[in-house]
Amino acid sequence: MNKITIYHRYDVNRDLLFQSYVDLCMREEPLNFAEAQDLGLETWLMISTARESIRRGDGSASPTANRSTDEVGRVIGQVFHLHSLV
């Protein structure tokens, strides 16, 4: 998460953050208040939007468990307007 904050602060190419966004959106626990403050309103909203989109589905106990890497990557790319560099 610190990587995201630093890249945003210094206006580094956000495409380089693709995997960091994926990791943050796929973790089980939501952003806490301090993390949301560090990221800022715009990034917090995009992460929340991506997490919600990824978690829609069958209602399983672990909503992200059944999501393919391609599906998650597609959601991250759409929400953040990024292209995977992987």
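Residues numbered from 1 in each chain as written. Predicted model: local features only at pLDDT ≥ 70, side-chain atom pairs only at ≥ 80, totals over all residues. Heavy atoms only, no water.

(A) Inspection of the packing of aromatic side chains at higher detail. Applying the stated criterion to the full structure yields 1 aromatic pair. Look at Y21 and F80: their rings are 3.9 Å apart centre to centre, the planes differ by 15 degrees, and that puts the pair in the stacked class. With Y21 in helix 2 (residues 18-26) and F80 in helix 5 (residues 69-80), this pair connects stretches of sequence that are 59 residues apart. For Y21, a relative accessible area of 0% puts it in the buried group. (Phe/Tyr/Trp six-rings, centres within 6.5 Å; stacked < 30°, edge-to-face > 60°. Helix = DSSP H or I, 4+ residues; strand = E, 2+ residues; numbered from the N terminus. Buried < 20%, exposed > 50% of the residue type's maximum accessible area, 1.4 Å probe, protein only.)

(B) Fine view of the nonpolar core. Of all hydrophobic cores here, the largest spans 19 residues; its most connected members are Y21, I47, A50, I76 and F80. Every element with two or more residues in this core is listed here: helix 2, helix 4 (41-55) and helix 5. Ignoring any residue separated from it by four or fewer positions in sequence, one finds I76 in contact with F18, Y21, V22, C25, A50, I54 and H81. (Core = buried A, V, L, I, M, F, W, Y, C linked by side-chain atoms within 4.5 Å. Contact = heavy atoms within 4.5 Å.)

(C) Focus on the packing of helix 1 (residues 2-9) against helix 2. Running from N to C, helix 1 and helix 2 point in directions that differ by 135 degrees, and their axes come no closer than 10 Å. Taken as axis vectors, helix 1 and helix 2 run oblique relative to one another. Between helix 1 and helix 2 lies a crossing whose hand is left-handed. Of the residues in helix 2, those touching helix 1 at K3, I4 and H8 are S20, Y21 and L24. (Axes fitted to C-alpha atoms, helices over the stretch in contact; angles between N-to-C directions. Parallel < 35°, antiparallel > 145°, perpendicular 65-115°, else oblique. Left-handed = near helix turned anticlockwise from the far one by under 90°.)

(D) View of helix 2. Listing the buried residues of helix 2 in full gives F18, S20, Y21, V22, L24 and C25. Check the buried side of helix 2 and you find it contacts helix 1, helix 3 (33-39), helix 4 and helix 5.

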